[in-house]
Structure formats: C-alpha cells, structure tokens
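Analysis of the macromolecular model
Spelled out from the first residue to the last, the chains are:
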Amino acid sequence: MSVPILEVKDLKKHYPIRRGLFNKQVATKYVVDGISFKIENGQTVALVGESGCGKSVLLRTIIGLEDPTEGYIYFKGQRYDQMKKNDVKEMRRKIQLIFQDSLSSLHPRFTIKMSMEEPLILYGMKDAKKRDEIIVNTLNQVGLDPEFRFRYPEQLSGGQRQRVIIARALVERPELILADEPISALDVSLQAQVLNFLMDLKEKYSLSMLFVAHDLAVVRQIADHIMIMYAGKILESAPSIEIYNNAKHPYTKVLLESAPSITKGIRDEGFNLNLKIGDTPDPASPPPGCLFNTRCILADEKCMTVIPEPVEISPNHFACCHKI
Amino acid sequence: MLATITRRILQGLIVIIGITVITFVMLRLIPSDPSRTMAPNATEEQLMQLKEQMGIGDPIPTQFVKYVKNLMRGYMGYSYFQKADVSTVIAKALPMSSILLLFAIIIAVVFGLLLGITAAINSNTWIDRLISGFSVLFQSMPNYWVGIILIQIISVQLKLLPSTGYKGIRYSILPSIVLALPMTAVLIRNIRASMMDSINQNFVKAAKARGIPSWSSLIKYSFRNSLIPMLTLFGTQLGVLLGNCVVVEYVFGYPGIGMQILNAIVRRDYYLVQGLVALLSSFFIIVNMAIDIGYIYLDPRIRKAQGGL
Amino acid sequence: MKQNADVKKQQTVQPDVLLEVKDLKTYFYMPSGAVVKAVDGVNFTVKKGSVLGIIGESGSGKSVTSRSIMRIVDEPGKIVGGEINFKNRNLLKLSEKEMSRIRGSQISLIFQDPTTSFNPYMTIGEQLIEAYLVHKKASKEEIKQRCIEVLKMVGISNHEEIMKKYPCEFSAGFRQRIFIAMSMIFKPDLLIADEPTTSLGITIQAEIIEALIDVKKEAGNSVIIITHDFGVVSQFSDDIFVMYAGRCVESSPKKKLLLYPRHPYTVGLIRSVPLLEARKTKRLKSIKGFPPDMVNLPKGCAFSPRCEFVQPKCLEEQPMLREIEEGRMVACHYPLMDYRTSDDTTLE
Amino acid sequence: MSERIKKVLSFLRKNPSFTIGLIIILITLFIAIFADSIVPFDPAASSPKDRLAPPFWSSGAKPGHILGTDYIGRDLVSRVFMGIRTSVFISFLSVGTAIIIGMTVGLISGLSHPGPIDSILMRITDIQMGFPFIVLAIIILTLVEPTVTSCIVVLSLASWPAYARVLRSNVMLEKEMDYIAAAKAMGASSTRIAIKYLGRNFLPSILPVMPMDIAGAIITESLLSFMSIGIQPPNISLGNIMADGRNYISTSWWITAIPGVVVMIIVLALNLMGDTLQKYFDPKLNK
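Residues numbered from 1 in each chain as written. Chains lettered and ligands numbered in written order. Predicted model: local features only at pLDDT ≥ 70, side-chain atom pairs only at ≥ 80, totals over all residues. Heavy atoms only, no water.

1. As for the overall build of chain C
Using the following cut-off: By the criteria applied, helices consist of DSSP H or I runs no shorter than four residues and strands consist of E runs no shorter than two, each listed in order from the N terminus. Summary of the burial criterion: residues with accessible area below 20% of their type's maximum are buried, those above 50% are exposed, and those between are partly exposed, where the area comes from a 1.4 Å probe applied to protein chains only. Two residues form a contact once any of their heavy atoms are found within 4.5 Å.
Assigned secondary structure in chain C consists of twelve helices and twelve strands. The dimensions of chain C, computed from C-alpha atoms along their principal axes, are 65 × 50 × 45 Å. When each of the 348 residues of chain C is scored for burial, the buried share is 59%. Sequence-distant contacts in chain C: of pairs separated by 6 or more residues, those separated by 24 or more amount to 66%.

2. Quick notes on the interface of chain B and chain C
Definition in use: Buried area: the accessible area, evaluated with a 1.4 Å probe, that two parts lose upon being put together, summed over both parts. One speaks of a salt bridge when a side-chain nitrogen belonging to Lys or Arg is within 4 Å of a carboxyl oxygen belonging to Asp or Glu. Polar here means any residue outside two lists: the nonpolar Ala, Val, Leu, Ile, Met, Phe, Trp, Tyr, Cys and Pro, and the charged Asp, Glu, Lys and Arg; Gly therefore counts as polar.
On the side of chain C, 27 residues touch chain B, which itself brings 20 residues to the contact. Between chain B and chain C, roughly 2200 Å² of surface is buried when both sides are summed, and carbon and sulfur atoms account for 62% of that area. A per-residue breakdown of the area chain B buries against chain C is headed by Phe-203, Ala-209 and Arg-210 of chain B, which together make up 27% of the total. For Asp-74 of chain C, the salt bridge is made with Lys-205 of chain B, and the minimal N-O distance between the two is 3.4 Å. For the side of chain B that touches chain C, the secondary structure elements donating two or more residues are α9 (202–209), α10 (214–252) and α13 (300–305) of chain B. Per-class residue counts for the side of chain B that touches chain C are eight nonpolar, three polar and nine charged.

3. Considerations on the sheet that holds strand β8 (residues 208–213) of chain A
Residues and elements named next belong to chain A. Stated formally: Any two strands with at least two DSSP bridges between them are considered paired. Lines fitted to the C-alpha atoms define the axes, with helices restricted to the stretch that makes contact. Angles between their N-to-C directions range from 0 to 180 degrees.
A sheet is described by the order of its strands in space; here eight strands give the open sequence β6-β7-β8-β3-β9-β10-β12-β11, paired in mixed fashion. At either end of the open sheet lies a strand with only one pairing partner, and these are β6 (95–98) and β11 (310–314). Going from strand to strand, the sheet's axes swing by 20 degrees on average, the running direction of each strand aside. Bridging between β6 and strand β7 (residues 176–180) involves four bridges; their strand directions are parallel. Each residue of the ladder has a partner; that of Ile-95, found in β7, is Leu-176. Packed on one face of the sheet, helix α9 (residues 250–258) meets β3 (44–48), β9 (225–230) and β10 (233–239) and runs near 100 degrees to β9.

4. Here's the deal with the nonpolar core
To keep it simple, the criterion reads: We call a set of buried residues a nonpolar core when its members are Ala, Val, Leu, Ile, Met, Phe, Trp, Tyr or Cys and they connect through side-chain atoms within 4.5 Å of each other.
Counting 171 residues, the largest nonpolar core has Leu-216, Val-219 and Ile-226 of chain A together with Leu-19, Phe-44 and Ile-224 of chain C as its most contacted members. Beyond its immediate chain neighbours, meaning those up to four positions away, Phe-44 of chain C contacts Leu-19, Glu-20, Val-21, Leu-52, Ile-54, Thr-65, Ile-69, Ile-224 and Phe-241 of chain C. Ranked by size, the runner-up nonpolar core spans 155 residues in total, among them Leu-187 of chain B together with Leu-167, Met-242 and Val-262 of chain D.

5. Details of the interface of chain A and chain C
Note the following rule: N or O atoms closer than or at 3.5 Å make up a polar contact, with two conditions inside protein: a donor-capable atom paired with an acceptor-capable one, and, for residues adjacent in sequence, both atoms drawn from side chains.
Opposite the 48 residues of chain A that make contact, chain C presents 48 residues. Counting the surface lost from both chain A and chain C, the interface buries some 4300 Å², and carbon and sulfur atoms represent 60% of this. It is Gln-221, Ile-262 and Ile-266 of chain A that lose the most area in chain A upon contact with chain C, and together they represent 17% of the buried surface on that side. Here chain A is connected to chain C by one salt bridge. Remark: the boundary between chain A and chain C carries nine residue pairs in polar contact (both at pLDDT 80 or more). Contributions of two or more residues to the side of chain A that touches chain C are made by α5 (158–170), α6 (188–204), α7 (216–219), α9 and α10 (262–266) of chain A. Among the elements that line the side of chain A that touches chain C, the one with the most residues is α6 of chain A, at ten residues. Here the side of chain A that touches chain C is composed, by residue class, of 21 nonpolar, 14 polar and 13 charged.

6. So, the side chain of Asp-180 of chain A
All names here are of chain A. Under the convention used in this document: For the purpose of counting charges, residues Lys and Arg are taken to be positive, whereas Asp and Glu are taken to be negative. His and the chain ends are not included.
Following the sequence through the fold, Asp-180 ends up in strand β7. Of the buried charged residues, Asp-180 lacks a salt bridge, with Lys-55 as the closest side chain of opposite charge at 6.2 Å. Within the local environment of Asp-180, its side chain forms a polar contact with the side chain of Ser-56, the two groups lying 3.0 Å apart. Ignoring sequence-local partners within four residues, the contact set of Asp-180 consists of Ser-56, Leu-59, Ile-98, Phe-99, Gln-100 and Val-212.

7. Brief notes about helix α7 (residues 148–175) of chain D
Here is the rule we go by: A helix's residues, less one, multiplied by 1.5 Å, set its expected span. Two axes enter the bend calculation: one fitted to the seven residues ending at the residue in question, the other to the seven starting there, and the bend is the angle between them.
The end-to-end C-alpha distance of α7 of chain D, which contains 28 residues, comes to 39 Å, matching closely the 40 Å that a straight helix rising 1.5 Å per residue would cover. At Ser-159 of chain D, α7 of chain D shows its largest bend, some 35 degrees, and a proline, Pro-161 of chain D, comes one to four positions later.

8. Considering the environment of Gly-116 of chain B
Residue and element names in this part refer to chain B. Residue position: Gly-116 is located in helix α5 (residues 86–121). Take Gly-116: its relative accessible area is 0%, and that puts it in the buried class. For the pair Gly-116 and Ala-180, spaced 64 residues apart in the sequence, the C-alpha separation amounts to 15 Å. The residues contacting Gly-116, other than those within four sequence positions of it, are Phe-111, Ile-188, Ile-191 and Arg-192.

9. What to know about the pattern of salt bridges
Side-chain pairs of opposite charge can arise where the charged atoms are in close proximity. A complete count under the given rule lists 52 salt bridges over all chains for this structure. Residues Glu-118 of chain A and Lys-196 of chain D are paired through a salt bridge, measuring 2.7 Å at the closest nitrogen-oxygen approach. Separated into two different chains, Glu-118 of chain A in helix α3 (residues 112–122) and Lys-196 of chain D in helix α9 (residues 190–198) make up a pair that spans both. Across the pair Lys-165 of chain C and Glu-161 of chain C runs a salt bridge, and its minimum N-O distance is 3.3 Å. Accessibility expressed as a relative area gives 39% for Glu-161 of chain C, which makes it partly exposed.

10. Here we look at the packing of aromatic side chains
Test applied: Aromatic rings from Phe, Tyr and Trp, taking only the six-membered ring of Trp, are treated as a pair when their centres fall within 6.5 Å; an angle between ring planes under 30 degrees marks them as stacked, one over 60 as edge-to-face, and anything in between as tilted. When the NZ atom of lysine or the CZ atom of arginine is within 6 Å of a ring's centre and also within 35 degrees of its normal, the charge is said to sit over that ring.
Within the structure shown, the criterion is met by 22 aromatic pairs over all chains. Judged by centre distance (5.3 Å) and plane angle (85 degrees), the ring pair of Tyr-244 of chain C and Phe-303 of chain C falls under edge-to-face. Note that Tyr-244 of chain C is positioned in strand β9 (residues 239–244) and Phe-303 of chain C in the loop between α11 (264–272) and α12 (312–316), a separation of 59 residues in sequence. The rings of Phe-24, Phe-64, Tyr-67 and Tyr-271 of chain B are connected pair by pair, giving a single aromatic cluster. A cation over a ring is seen here: Arg-220 of chain A above Tyr-244 of chain A, with NZ or CZ 4.3 Å from the ring centre. For the cation-ring pair, Arg-301 of chain B lies above Tyr-121 of chain C, with the distance from its terminal atom to the ring centre recorded as 5.6 Å.

Just distances and angles here, no functional claims.
What follows is the structure, encoded as structure tokens:
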C-alpha cells in the first residue's frame, strides 16, 4: 500500500473563550475535536457538514494557516512539524487551497496576472516571460481567454473568477487540492460546469482532493470516499456508494432525507424528517455523550451520557452511534 | 459586560494621566522663565527666592510628585498671575464657558437633527439640496472669520447684540451661534447620511412589507438604528467644539476657560494651564467613555456579544 | 403586443384565480445611464390555495417580481408596465395608503436573510404586537392570544420565554420560523417567500420548508416560493415558472415540467442539478457559457448564446410565451417536444 | 491609457460638484506655485498715500489695486496671493506628514491587533485626540520658534490620529480576507503581505479623508496666524492679513472680509471634492 498523500491523526483545534478584565480563559470552543483520516494518491475524499461544523477550520489547520492544538498531520508520510524549512516550502507547492467565495480570494487591486504570478514568484521563478507563458496556457486549460489576465477580479463574472482561482491552484502542478466548498457560491448551471471541470483535471493530473461541501448530492459525482462532520467530529465515514445506499448514522440519514430533490418532487413525497426541533450544538458547550443527541429522535439515556465509539460496518465504513 | 466597562474606564484614566504628564513636562520645557515675567527687574537671587516660592526651582520629577500629592488633597496649585488658587479661577470662568458650550450644543443638536432628518426624508429633492448646500457652506467658513463679520454687522452696525465681555446671558448668544455653526453643519450631513443608510436596512424594508406606512416606519425604525453612529460622531465633534470654544472666546473677548488658557500659557502660569488642560481633556474623555459604555445599553447585539443578555 | 393578445384570449377571470400578473415590466434606471430590464413582460396566475414555484438563477428577475407585487421595489427600480390583479383589483392603481393596508394583512413577504429582517432593538414580543396593531386595534390579551396561535402554527411552544428576548438571541433558522409566524398573523391570502432558506443549512432548510407546508395546510393560503434550488421548487410547489434574463421561459404543472421539460434552458437546468441517485453518465451535462449581462442582452432570444439547439431564427426574433399544451406555456421557437428527463437521469 | 482618461472624463461629467471643486483647487495651486511672478505689486512695498484704498467696485479705488490696500498701503491682491501660497504649502505638507505618521501607526497597530503594541499605540492616539488642539498648538508654538516648519509639525499633530484610526480598521478588516490567507498558504512572508497586499489598499481608504483634512489644515493655519502665534511677519498668511485688518474693520471692512472669503472658497472646493470621493469609495453605497 503506497504511503497516503495526506494523513491526519486525532487532530484537535480548540479556541479559548476569554472574558473578564484580564481576558482570563473561561471556556474553550471545541471547533475541531479529534479527527483522523487518510487520503490515498489520486483519491478524492469529500467532507460533508452543515455550516458551523468546523470544516473550514479543519482545512486551514491542514494547510498550516493555523497550528493544531493536538494531533499530527503527515504529508507523504513526513510529519508536518518535523519537516525542515525547504521541505515545508516544497510541500507548500504540492498542496493548494481553493476558497468558496471567489471575490474575496482574489486581491481586488491585483490583475488576474498578478494574482496568478504570486505562487510562481514565491517559489522562485525569476523569469517573467516564462511566468507569463505558464499563466497563458493555464488560462487556456481552464477555458478562459488569456486576455483576461489584464483584468481586475470585479470585471469577471462569478464563474470566470472561480476558474481563475482553480487555475491559480494548478499553476504549480500540485498533487493535493484542498477545496473549501468551491461551487456553493455559484449558480446551478455554473456549478455543473466547474464540477465537471474539476473532475477532468483530477484525471488529467491524477490529483488527490479533499472536497468540502454542505450537500451530499453535490459530491455524488466527484467523491470516492465521504466523511460526515458534525460539531467538530466525524460521525460517519465510508466509500461514497456505501453512504448513499447503506447509511447507518441517523444524522447521515437526515442529511440524505432533507436534501430537497427532484425525484421526491416527482413522487410527491414530502420530507419525512425525523428530527427534533433544535439547533446544532454550541461548540463552546458541547452536550455530554453523543453530539447529535439534542436533535436525534432515537436518542436515549445511553446516548445522553456515553460518547459512542466508531463501529465498523464494512471495510473502512465507520459510524459513531449506539443505535446501529 | 462589567469587564468591558471597567476596561474602558481604565483606558480613559490612562489617557487623562498621559495628557496631564505631557502638559506638565512640556510647560516646564518652555525656554523663558515665568519668574522673570513676574518680576522683570528683580535681581538674580531675588529671582531664585521667587522661583523657590513658586515651587519651580527643583527638577521636574520632584515638582510632579509634589503636584500629584497636592492633587490627591484636591489642591490644584496656585496661579501667580491671578493671585488665586487655580480652583477658584476655574470656578469663576467655568460657568460662563459652560453656558457657551451648552447653548452651542443645544443649537447644533436641535438644528442638526431637524434639518438632517428633513433632508433624509425628502432626499434628492430641492429641500435636500438646499440643506446640504448650506451645511457644506457653513462647514467651510472659518469660525473666527464668521465671528468678526457677525460682530461687525450685528453688534456694531445693527446694535442688536453685545459683542465683547460678559455682563449677562445676552452676551453669550452671538458667540454660541458662531461656535455652533460648524458643528451643526457636520451633524446635519452625518445624520442625513446615517438616516439614509438605515432606511435601506433590510428590517426597515421588512417593516414596510408588513404594511407599516412608510413615514412612521422611517422615523421609528431608522432613527433608533442611526442613534449609535450619531453618538459616535457627537463624541468626536466634542473635541473640535472645545478647541473652537477657545477660539471664539478669543475673538469675542469672552471671559471663559478659553480666555484663561490663552493668557495662562503666554504668561507661563504653570499650574493654571495644568488645571485648565486637565479640565478640558478629562471632560472630553469622560463624555466619550460614557458614549462607548452607552452602546452596550443601546444595542442588544453588543450586549449579547459581551455576555450581558 | 402579440404576447398580450395570446394571454388575454384564453384567460377569462376564473373564480378560483387569486392573483393574475399580466405583462409586468420593472426597469432599473442606473445612475450610469444604463437601463436594466430586470423584469420585462412577465405573465402568470396563482390559484387559490395553490403553490407557485418561481425558479431562476441570480439576476433572472425573480426577486424583483416579488418586490413589484408588494410594490416595494428598491431604488432605482420602477414598475413601468403591466397589471397585478389581486382579487380582481389592480394593485398598481391603488394609492400608497391602500397598498400599505394590504401589505402584511392580505399579502405577506418572507425575506431571505432572517438575521437582518428583524428590528435588532425591539424584542420579538414588541415586534409581533406592532405587526398586529398596524392593521387592527385590539386588546393586549387578544393580540397575545393570536401571537401564541401563530407561534404554535410554526411549531414554537415556549412563547412566554421567546416574546421577551431580542432577535439576536436566536439562531437564523429559529428567527425565520418566527418571521413566518409574524407574517401569518392576519391569515394572508398570499404568502410570498423570497429564497426563504438560501442562507440556512440543509437540515434547517428542510425544517423551514416543512413549517411553510404546515402553515399552508392549516391556513389554506396560496404561496409563491422563489428560489434558485430546483429541489425546493419540485418538492413544494404545484406549478413551476422558470425565469431567465427577466422573462418567463417556461411555466407548467410541476410533474410535467420535471418529467418532460420543453424549453432548452429548463432541460439544461434539470440535467445539471446534482442528484442523490446515481446517474447514467459519469458527468453532469452542464449549460455552456456564462449568465446573461442584463445591461446589453443579445438580440432575439436571451438564451441563444448558451443554447445547444440554437437556430438562425432564435438570433433574430425574441420568442413569445405561447401555449403548447393544456396549461403549459413556453417561450421558444423550437421547443423540445419529445424530450424526456429519463433520457439523462434515472427519473421516471 | 485612453480608456482610463475616458473613465476619468465620464466621472467628472457625472459629478459636477467635484469638477467645480477641482477647478477651484487647480486655480489655487496655480496661484500658489507662481505667486511671486504673477503678483501685481511687491506685497511688502508700502505706499502710505494709497493707504486703505477700497476695492475697484467702490468709489475712491486706486487704479491697479483691484482689491484695495491695507493700513500702510500694501496691495491686497498680492498679499492674498502670497497668503494662498503659504496656506497651500503648509496644509499640503502637514497633511502629508500626518498621512505618513498615521499610516505607520495604523499599519503597525492593525497588524498586531490583539497584542499589547496595538493598545499602546491606540492609547497614544487617544491622548493626541483628547488634547484640545488649540492649546497644544499654542504650547508648542511658544515652546519652539513659530516658523513655517513648526507650524507644519503642529498641524500634522492635529490630523494624524484620524488617518491612524481609518487605516487600523481597514488593516484589521483586510487581514481576515481569504486572499491574505491564500498568500500565507503560499508561503508569502508577513512583510511582503504588509507592503504588497495591504499597501495597495491604502490609497482608496485615505483619498476620501484627505480633502476634508487639507481643508481643516487651511482653516487652522490661518487661525493660528490670526491669533498671531502661527506664521509671523514678514511671512504672509491669510490669517495675519485678517488680523491686521481687524482694527480698521468699521471703515475698511474688505481687508478682513476678502481673505476670509478666499479661505472659504478653497475650503468649500475641498469639501465638495471630499463628499464626492466619499460616495465613490464607500463600498456600501455602490454595491
């Protein structure tokens, strides 16, 4: 078995809540609370969770924008914090991050060329002509007219900007792409366009990808493996077919059930949500026992007290629930 | 929430102390020697004795320690040129300046709100352009120049209002108008802008969609929402007002705090300047502190963020 | 106008029609001088007790349509043409006073972002009471009773505690629930929901749609739901009305539209919507090109630059909305008469 | 380039108030730069016989002295022109220094936001704002010779806190944006981020504040010299022309009125420009 391109072991990211005159810490926000997973070479793992479940923080910790409170991150087997300086630089070239809102991830006063040139300059490509060449053919690859590189971000439409961001990520021939809801901000017709385009790139450059989304339907086409995240923890993780056909955790079932779909529309089926009215738990004061017990109708005394251990349902299909 | 209030008060105190220390040190750095101005033709060792008596002989730090000790006992030092305690001099000048400031603030706030809201309600009509036009004009007029011109026209030629000194309320009408002018202009334009901005808020549109007739939803909803930006503006404009107060008193010869400060600095009357500067700056800082703390009670969202709800 | 003649011909005023919008035009006169035809000749009807789903991408004019019905179009927009017959009265002819009496009592509008549609300085109780007093004077007790009823209608039981709190103390989903209750105080005949769930999470969105369904069942009002999410429209509405570049491209009963879409844009939309079920093809069939620039729309059909079945005529002449089957209208010169959704997906 | 010129021309056409302001300011700059060559008389040359001559439109006007003369017969037009030169020179330089100080303080405290450096710098800004400006000006100008440079320093002390505050809030806001996170993820150093990324956004945040600030500086400069603590003769400032004319106000009112009107027009023009720039750059308004 080859070394996984990315491995995360029991990663935790907690933020202190400070109150009082001298900002004493009075509570902690358990935003990411013990997450472990692997991404094999060429594999696309989808991380699905509602807003506020901590998926963006997880991504920022993996890319190194924030330091983990506990746990380790291995890139191609090498532990991130034990890497030497130029290994880190090398890793930075190989992992690229794509954000959700295309308008805020491009500097408003940089032309597209300047934004795309940054990674090249930072990784030491001195020759301007060569840089321009790479930018032109990358823009062609993403189906954008190279003339666009002299324009400013606000002169482009949402779909075009999204392609520029993806192009900027490709300029350095990455091996792993971390995509934080890359298509949720787009209109339906553009979502399909960008999704197909990502799938083509995945095959062409044998990229591995961590694809974050809030909707299970979106990742159906692109994901090989899916993880369901809720309030800082992974509740279920399985190959994508298993999730759609054999979901075990009540929260995954609710996600499948509550995604509005055309099929149910045709059969005139409403949502048969078995959910208690309530909100996702506040990460500052997570409920004891299973995190989902505040909204799960199956929750009983045991769920309220004992934190469920992952139960293996089939090869690398785990779910954390007492009721399986 | 208590923590935010105490932290804000602490910040205010640090600033007041900062200003007092800086004034104390800067005054002592002024090259010419106050004792010389007191007794121009005294001999050298008479001057030394005078300095000792005025307490300005020893090095600055020891003077400062003595000053703070006195301050603790509520004694703000002695003014040599007024031959009176600083506190008495202030007590004499303060009422006149406060009348001037009070009138100016009332005029500025009343007209600012009135004209600002009218301009906002019928925005982009001729009324709006007229009001905005006048407010930019008033804001551009240097207030000392307006003072001189009004003195010439109103008191000298038309003899309607007295122009210099202070022998009764009528003496502070003209100066307070001149003092209020620039502040009114700034208030009009900012109240108009924040009202216009709050009209486009989503919740005002939702109120209109619930059938609330536009004029009442406009006033009731938008006003409350633009209260905080108005208070912030008032806080900053207060500093400008205090500065202009000194100028207006100079132009009108109005015997208030401003006049005292000008003479005290020129005559190097250390402790009087010290007391007056402390008075003005702490007034400004305390008002701004009160406004910042006021936000918590005005806006439930801030209260919730501070954990007070 | 040819389009008007068609529509008038077979549309006698049936008793069960609550709202009939005829050739509505709302233009935005931008400071830069450009005129954006946000809504350019829209026709549809809403029957009593039925749900009309309006679907369209951003910039298609669906929100402006809802604002025009309520006559609260933002600056610099103006309603420049057409009629809005609500219970056989043309709302465009009413005075502002009469219109404000209808808003909130007979037609209510639910906004997209619950975090900004409440007055942050008043408690929920104060806002509910004010929403009541605007239209009808009544005793405190009577108002309180009605508020408790509407809150129960959307599944909120602890009304005592809620009435005292400020909006900022609740989650976005909960606030939207309260907003729905607030708009039901006077049992309006028509409830317009403008993207009510776009800013909410998937599970919260499902809860809110369920709340809208319960409210409709209990109060029997008609609903116009406006969204860009095809799933929401297909699961909640009786008729679907597809908008593109300020105009209606297709309107028909839900099932027929989902199974046998006729306009190329609707076909493209249905094919590009990600489905939970497996697809026959590995890739989603997406619509090529980019959304229309509303300031300078192409001559002829606005969708022509992105249409796979474009013909010379489409580039010349703007297609008119015409009836191709009973109750089905399409604005296309060459509608795809024999297309079935099951060709591309597993939908039957 | 022509595309950018077209853009500017259309902006001017659409904002008439800005254009009027710009024209007045250009004329003022022209006068300020070429003051000594376009002055009809030597501003310091006194001719007692032409003493207190009224401006050309009233009787008894002396030929050549369009706006009349002052109490020792010096030509008002030439003195006003020289006064404009001093005012423009001092206010532009003082605002320039204020921007530099404000920028450095704003950038440093914005970048180190949650830290102690930020709170120290903010307390210093509060102290500067808390100090009643006129008092500070008088103390400093008696501390140090009231030369042109000391005036510039004093005036810049008045306005740097505003710039520091504006830039600090912009930097704090921008620090959280995704494109900064993306730059960090790419391994960009913090100095590169501060200069190349944050630096480009300084202009749009300063530009709307600048005209109002220069207007304030012109008023304050003339005020200081009016109170004879600012620019001392032989330098000429609009303020000390007004101060000279003050005791002849009942007979020859124009000596005081005219410099005041000149200051008002310049400040009005700057305010008009400032208003339009504020609307143009305010993200909320043109979303």
